[in-house]
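Architecture and fold: a report
Read off the chains here:
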Amino acid sequence: MNQPNHHQIATYLTDYVLSELVKYVIEDTGCTTEQAMEQVYNSPLMTLLQDEEGELYVQSPAYLYELMRSQP
């Protein structure tokens, strides 16, 4: 079996973090899944998460949610 490469790991972790962020938004605001996804995907944090070299995706979803909430 092949070991996953850096890009595959980054993609997996980013997808996981994004799904958790959407859950947090829904829990905090009571909005729909679509609204929560829009908030997460349109946040400045999204660009940072997609930067594989920055490796922000390795942080806990709870930390990243607090970071997202603190951004204007």
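Residues numbered from 1 in each chain as written. Predicted model: local features only at pLDDT ≥ 70, side-chain atom pairs only at ≥ 80, totals over all residues. Heavy atoms only, no water.

Description of the overall build of the protein chain
Helices and strands together make up the secondary structure of the protein chain, namely four helices and zero strands. Along its sequence from the N terminus, the protein chain presents helices and strands in the succession α-α-α-α. For the protein chain, the residues scored as buried account for 29% of the 72 residues in total. Residue pairs in contact within the protein chain that sit at least 24 positions apart in sequence constitute 56% of those at least 6 positions apart. Carbon and sulfur atoms make up 52% of the accessible area of the protein chain, which amounts to about 5,000 Å² in all. (Helix = DSSP H or I, 4+ residues; strand = E, 2+ residues; numbered from the N terminus. Buried < 20%, exposed > 50% of the residue type's maximum accessible area, 1.4 Å probe, protein only. Contact = heavy atoms within 4.5 Å. Areas by Shrake-Rupley, 256 points an atom, 1.4 Å probe, with all protein chains shown as cover.)

Quick word on the pattern of salt bridges
It is possible for side chains of opposite charge to pair when their charged atoms get near one another. What the rule picks out here adds up to three salt bridges. Of the charged contacts in the structure, one is a salt bridge between glutamate 20 and lysine 23, with a shortest N-O distance of 3.1 Å. Taken together, the positions of glutamate 20 and lysine 23, both in helix α1 (residues 6–29) and three residues apart, correspond to about one turn of that helix. Salt-bridge contacts for aspartate 28 lead to arginine 69; the nearest nitrogen and oxygen are separated by 3.8 Å. Residue aspartate 28 is located in helix α1, and its partner arginine 69 is located in helix α4 (residues 61–70); the two are separated by 41 residues in the primary sequence. (Salt bridge = Lys/Arg side-chain N within 4 Å of Asp/Glu carboxyl O.)

Remarks on the side chain of threonine 14
Among the structural elements, threonine 14 can be located in helix α1. If near-sequence neighbours (up to four positions away) are discounted, threonine 14 is found in contact with Leu49 and Tyr57.

Looking at the nonpolar core
Judged by nonpolar contacts, the single largest core of 17 residues is most densely connected at Leu21, Val25, Val40, Leu45, Leu49 and Leu64. For this core, the secondary-structure elements that each account for two or more residues are α1, α2 (33–41), α3 (44–50) and α4. (Core = buried A, V, L, I, M, F, W, Y, C linked by side-chain atoms within 4.5 Å.)

Some points on unusual backbone geometry
Its identity is not glycine, yet glutamate 55 carries a phi of approximately 50 degrees, on the positive side. Secondary-structure assignment places glutamate 55 in the loop between α3 and α4. The partly exposed category is assigned to glutamate 55, whose relative accessible area is 36%.

Some points on the packing of α1 against α4
Axis separation between α1 and α4 bottoms out at 9 Å; the angle between their running directions is 60 degrees. Taken together, the axes of α1 and α4 lie oblique to each other. Once α1 is placed against α4, the crossing between them reads as right-handed. Every residue of α4 that contacts α1 at Tyr16, Val17, Glu20, Leu21, Tyr24, Val25 and Asp28 is listed here: Pro61, Ala62, Leu64, Tyr65, Met68 and Arg69. Of the residues contributing to the contact of α1 with α4, the split by class is ten nonpolar, no polar and three charged. (Axes fitted to C-alpha atoms, helices over the stretch in contact; angles between N-to-C directions. Parallel < 35°, antiparallel > 145°, perpendicular 65-115°, else oblique. Left-handed = near helix turned anticlockwise from the far one by under 90°. Nonpolar A, V, L, I, M, F, W, Y, C, P; charged D, E, K, R; others polar.)

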